[in-house]
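Descriptive analysis of the structure
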Amino acid sequence: MRTKVTKVPSEKALMRILDALAQEVIEASDEELTEAATDLRMDLNTRESAAFAGLTYFARPQLSEFFDVEVSRRLQAPSERISGIPPAEPDGGQRHSKRSQIPTAKKPLGGK
Amino acid sequence: MQHIPRLVDKRILRPAQTALALELISKMDLIRLKTIARLYARGLTPEGVWEDLLQEAITRVLTGSRRQPEGVTMAAFVAGILRSLRAHYWRRARREPREDNLRIGHQSDEFVALDLADPTPGPERALDARQQLTRIKELFAKDPTALKIIDGLGEGLSAEQIRLSTGLSKTDYDSARKRMRRTVLREGLTCEPK
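I will try to describe carefully the structure that is included in this document. (Residues numbered from 1 in each chain as written. Chains lettered and ligands numbered in written order. Predicted model: local features only at pLDDT ≥ 70, side-chain atom pairs only at ≥ 80, totals over all residues. Heavy atoms only, no water.)

Of the regular secondary structure elements, chain A holds three helices and zero strands. Put simply, chain A runs from its N terminus to its C terminus through helices and strands in the order α-α-α. When contacts within chain A are restricted to residue pairs at least 6 apart in sequence, long-range pairs at least 24 apart make up 0% of them. Accessible area for chain A stands at about 8200 Å²; split by element, carbon and sulfur atoms hold 55% of it. (Helix = DSSP H or I, 4+ residues; strand = E, 2+ residues; numbered from the N terminus. Contact = heavy atoms within 4.5 Å. Areas by Shrake-Rupley, 256 points an atom, 1.4 Å probe, with all protein chains shown as cover.)

Written out as structure tokens, the structure is:
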């Protein structure tokens, strides 16, 4: 019986547990995998089975799977505004002069 | 009706699909690795990062940036990559400098060089880890024996030491580990948030 109690840092304990569980998964037989899938009513013989979500297809539906590029961009714009990421400029990122509003690329040489 | 082209080209295979098509990995091993990726992604943000973690690990195998040691199964090999990726993401998410960046002293002063890396986790990391430990224990909430084993594993005890400290027979211990394995596999097969 152990007499000494030692306090293990939680991060270290977590990694040890994750490693041990990962090892369990590696050692799991194909039958055990199939049984676990059967518990969840998943058929591993079906290509579209939910078991393969995130593997052979995206786990979560992607916006771009349903909409065109432009539509996807417009739908994403509000979330980008919230997250602080500036939306892509429609004219391909051309910069404008703040004073004249003339695109800097088209400004005549030497012009003010 | 106007045809709307999709941005995602289904003809472009994902790394996991490529590995499967090249028979580098079996369908069952992919599911094992999904479970392991979901385990190692615990505590990492954003939600769903396990998918990126796994596809990145497989990409490293496909590109040859990681080489499979002899005698190591593909599942164990990729699991090792997942583990190191987790450590990398964890460091990056917490904006921790790499340990080797914290050395001071001249290269020639090997014996004088002072390593300033602090091995103890900060309070935020410790809290994250504690939350994840709680979530893992919730998976086995209905199985007191499994919870004892989890505690033993966290303390770094071997199977024999856990059996001795908990007073479990070998059969009881093995049965509990089998139940735990099934629970982890079931959790890994789903895509529900952790």
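Here we come to a nonpolar patch on the surface. Together, Leu22, Leu24 and Leu62 of chain B give the surface a local cluster of nonpolar side chains, amounting to about 250 Å² of exposed area. Assignment of secondary structure puts Leu22 of chain B in the loop between helix H1 (15-21) and helix H2 (27-40). (Patch = residues over 30% accessible without salt bridge, like charges linked within 9 Å, V, L, I, M, F, W, Y side chains within 5 Å. Salt bridge = Lys/Arg side-chain N within 4 Å of Asp/Glu carboxyl O.)

Across all of its chains, the model carries 17 salt bridges over all chains by this definition. Bridged by salt links that share partners, the residues Glu24 and Glu32 of chain A together with Arg177 and Arg181 of chain B form one connected network.

The next point concerns the interface of chain A and chain B. Bring the parts together and some accessible area is lost; that lost area is often taken as the interface size. Contact residues are listed per partner, giving 48 residues for chain A and 59 residues for chain B. Summing the contributions of chain A and of chain B, the shared interface buries around 5100 Å²; its carbon and sulfur component is 65%. The largest contributions to the chain A side of the interface with chain B come from Glu11, Val25 and Leu55 of chain A, which together make up 13% of the buried area. For the salt bridge of Glu24 of chain A with Arg177 of chain B, the shortest nitrogen-to-oxygen distance reads 2.4 Å. (Buried area = accessible area lost by both parts, 1.4 Å probe.)

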